[in-house]
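Listed below, chain by chain, are the residues.
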Amino acid sequence: MQYADIVIAALGAFVLAWLADAVTGRRGLFATSLVSGVGAIAGWFLAVRVFAVSTMDQWGWLLWSMAASILALGAFFLFRSKR
């Protein structure tokens, strides 16, 4: 499968969002999915386009993508408004 790494990245971002939502008390899967997805795209962009530490043919960008997703989720839960 040619695009298996992209599918794994998308599923990984969703699983991270689901875990974060479950751990924090189920406040909204859509919001956490959106934040996780944007973080994953930012991680890909940093790894492939900015720092050029990986190409799309390698699997290194996947680690950057998941790490950025985790950072984005952490920032989201740290700075979100609590009513």
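Further up the page is the structure itself.
Here goes a summary of the coordinates provided.

Reading the values: rules and limits
Residue positions are given per chain, counting from 1 as you read along its sequence in written order. Owing to the predicted nature of the model, reporting of local features is limited to residues with pLDDT of at least 70; listing and counting of side-chain atom pairs is limited to 80 or more, with chain, interface and lining totals taken over all residues. For the side-chain quantities, the full set of heavy atoms in the structure was used; hydrogens and water were omitted. For helices the rule is a DSSP run of H or I covering at least 4 residues; for strands it is a run of E covering at least 2, with both sets numbered from the N terminus onward. Think of it in three bands: with a 1.4 Å probe and only protein chains considered, a residue is buried below 20% of the maximum accessible area for its type, exposed above 50%, and partly exposed in between. The method behind every accessible area is Shrake-Rupley, applied with a 1.4 Å probe, and residues are considered shielded solely by the protein chains displayed. Take the buried Ala, Val, Leu, Ile, Met, Phe, Trp, Tyr and Cys residues and link them wherever side-chain atoms come within 4.5 Å; each set so joined is a nonpolar core. Patches draw on residues past 30% relative accessible area with no salt bridge. Two like charges within 9 Å are joined, as are two nonpolar side chains (Val, Leu, Ile, Met, Phe, Trp, Tyr) within 5 Å. We define a salt bridge as a contact between a side-chain nitrogen of Lys or Arg and a carboxyl oxygen of Asp or Glu at a distance within 4 Å. We call Phe, Tyr and Trp rings a pair once their centres come within 6.5 Å, taking the six-membered ring for Trp, and we label the pair stacked below 30 degrees between planes, edge-to-face above 60, and tilted otherwise. For this analysis, residues touch if any pair of their heavy atoms sits within 4.5 Å.

The next thing to look at is the overall build of the protein chain. Of the regular secondary structure elements, the protein chain holds three helices and zero strands. Counting from the amino terminus, helix and strand elements in the protein chain follow one another as α-α-α. Dimensions along the principal axes, computed over C-alpha positions, put the protein chain at roughly 45 × 25 × 15 Å. Counting over 83 residues, the protein chain shows a buried share of 30%. Taken as a whole, the protein chain presents about 5700 Å² of accessible surface, with 72% of it coming from carbon and sulfur.

Judged by nonpolar contacts, the single largest core of 13 residues is most densely connected at A9, W61, M66 and L73. Of all the secondary structure elements, the ones that give two or more residues to this core are α1 (4-23), α2 (29-50) and α3 (60-79).

So, on to a nonpolar patch on the surface. A cluster of nonpolar residues, F45, L46, V50, F51, V53, L63 and W64, forms a patch on the protein surface that exposes about 670 Å² of accessible area. At the level of secondary structure, the elements contributing two or more residues to the nonpolar patch comprise α2 and α3. If you tally residues by element for the nonpolar patch, the top one is α2, at three residues. On the secondary structure map, V53 appears in the loop between α2 and α3.

For the rest of this paragraph, the subject is the packing of aromatic side chains. A complete count under the given rule lists three aromatic pairs for this structure. Summarising the aromatic geometry, the rings of F51 and W64 are spaced 5.8 Å apart at their centres and angled 45° between planes, so their arrangement reads as tilted. Of this pair, F51 sits in the loop between α2 and α3 while W64 sits in helix α3, placing them 13 residues apart in sequence. A residue is classified by how much of its surface remains accessible, and W64, at 34% relative accessible area, is partly exposed.

Let us look at the environment of S36. Looking at the secondary structure, you find S36 in helix α2. Residue S36 is classed as buried on the basis of its relative accessible area, which comes to 0%. Between the C-alpha atoms of S36 and L16, which are 20 residues apart in sequence, the distance is 7.1 Å. Leaving out residues up to four positions away in the same chain, S36 has contacts with A13, L16, A17, S69 and L73.

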